[in-house]
Amino acid sequence: MKSITILGATGSIGQSTLDLLRRNPDRFKVEALTAHCRVQELAAVAREFNARVAVIGREDLLADLKAALDGTDIEAAAGEGAIIEAASRPSDMVMAAIVGAAGLAPTLAAVRRGATVLLANKEVLVCAGDLMMAEVRQSGATLLPVDSEHNAIFQVFDFNAPERIDRIVLTASGGPCRQTPAERLPFITPAEAVAHPNWDMGAKISVDSATMMNKGLEVIEAFHLFPVKASQIEVLIHPQSVIHSMVQYVDGSTLAQLGSPDMRTPIAYCLAWPERMTAPAERLDLGRIGALTFEAPDMERFRCLALARAALEAGGAAPTVLNAANEIAVAAFLGNRLRFTDIAALVDATLSLADMKAPQSLETVFALDAEARRIADGLIMKFAA
Ligand code: NAD
Ligand code: MG
């Protein structure tokens, strides 16, 4: 039996992970479950899986959590520090499924104790990729990519001979705005942006998919996860989301991983690695799908993708600032305080104002992240006006 801690247990990835655990009660036992503010949902799954610990991010909700766990011997805790502690507790695996840079410190705690970390939280690698990968090497932690594209590449990448790889191709659905007339884009509503054609995901990543910032973050994520240069990472639009990504070898062979768009497949791959386990995802029926199509991304329409690529090329502080500004922009868009097309504009403006010195330590990453958020926050009014 393997023990697992899930950071972000109430989210989309957290729920898909729990669904797989529910189907395999003899294989996994739950150590800790964490959530930001959904006390009742957290308590319900902590009870169902008989977790040892349940942690709620907001400290003011501790009494509610304790009440909801009354009559059990599940330990209740609250606050950021308690989430980090949960990640530090011994367990074989940690699913890092918090959204955004908020997941950085807890994910790092799991890495530092050498755990097997199932990484969904891509923002961690965007805002502190070099530092995080150095910590992984130092601790001997195992990092398994949950993100479907990176999981696909992981499945077909020959880590013994990276020099035989020409390039990796990240596929992208293009999201719900791929064909929206350009003049309509400024008026895309939050409801329209989160209605993804193929995947059912949390709000932030859904908006990122609509702007294609998600693919930009994934290019940076791939750069840190795989031994390739930025110039070897290509993005290809593939609206059916059947081919999850590809690796092209020097002899002209292209290897790909295919499947129906269900995150339980890459999560199951990580849970069972290096073996495989049964997952309930719908089996791929290519005969029924009929045609797979591809197109190059329109970099004018998807400015966020261009900004993320430029941030990766620039290096230093740029990816940290890009990520922080994007988190502020997406939250403002979801709160109807920013127009859809101003997400890219706000990120761009923040990048041009922020201090661009490369962060040398985790403390400087946090400081830079906070500074970029302050700048982006201050700029929102300008765009809203
Ligand atoms: P979600 O919004 O559905 O869930 C986020 C989880 O993080 C929740 O459990 C929430 O309680 C927790 N959380 C949020 N803010 C927090 C904070 N400040 N402190 C502590 N916990 C906090 O998001 P999701 O769609 O499950 O995505 C999670 C991560 O996985 C993201 O980084 C996303 O990019 C990545 N990812 C998601 C998918 C997907 O299909 N949903 C696919 C690939 C990658
Ligand atoms: Mg992805």
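Worth saying up front: this structure is predicted, and the values here are computed from it rather than measured.

**Observations regarding the confidence of the model for the protein chain**
For the protein chain, the average pLDDT comes to 97, and 100% of its residues sit at 70 or higher. This complex was scored by the predictor with a pTM of 0.98 and an ipTM of 0.99.

**Focus on the environment of Ala182**
Topologically, Ala182 is positioned in the loop between strand E8 (165–172) and helix H8 (190–194). Counting along the chain gives 33 residues from Ala182 to Glu149, while the straight-line C-alpha distance between them is 27 Å.

**Topic: the sheet that holds strand E10 (residues 243–249)**
Spatially, the four strands line up as an open sheet ordered E9-E8-E10-E11, and their pairing is mixed. Whereas interior strands pair on both sides, the edge strands pair on one side only; in this sheet they are strand E9 (233–237) and strand E11 (254–258). Here the average twist between neighbouring strands, direction ignored, is 20 degrees. Relative to E10, E8 runs antiparallel, the two sharing four bridges. Across the sheet, residue Ile168 finds its bridge partner in E10, namely Val247. Strands in contact with helix H7 (residues 148–156) are E8, E10 and E11; relative to E10, the strand with the most contacts, it is inclined by about 40 degrees. Helix H10 (residues 213–225) contacts E8 and E9 of the sheet and is inclined by roughly 150 degrees relative to E8.

**With respect to the site of ligand 1**
As a structural note, the neighbourhood of ligand 1 is formed by 27 residues, with Gly8, Gly11, His36, Met201 and Gly202 the closest of them. Those elements that place two or more of their residues in the shell around ligand 1 are helix H1 (12–23) and helix H9 (203–211). The residue makeup of the shell around ligand 1, split by class, is 14 nonpolar, nine polar and four charged.

**Some remarks on the UniProt feature "domain: 1-deoxy-D-xylulose 5-phosphate reductoisomerase N-terminal" (unreviewed entry) in the protein chain**
The sites that UniProt annotates as "domain: 1-deoxy-D-xylulose 5-phosphate reductoisomerase N-terminal" (unreviewed entry) are residues 4–129. For residues 4–129, the end-to-end C-alpha separation is 24 Å, with 43% helix and 22% strand making up the annotated structure.

What counts, and where the lines are drawn
- Residues numbered from 1 in each chain as written.
- Chains lettered and ligands numbered in written order.
- Predicted model: local features only at pLDDT ≥ 70, side-chain atom pairs only at ≥ 80, totals over all residues.
- pLDDT = per-residue confidence, 0-100.
- Helix = DSSP H or I, 4+ residues; strand = E, 2+ residues; numbered from the N terminus.
- Pairing = 2+ DSSP bridges.
- Axes fitted to C-alpha atoms, helices over the stretch in contact; angles between N-to-C directions.
- Contact = placed C-beta atoms within 7 Å.
- Near = placed C-beta within 6 Å.
- Nonpolar A, V, L, I, M, F, W, Y, C, P; charged D, E, K, R; others polar.
- UniProt positions renumbered as here; feature names shortened; annotations may be inferred.

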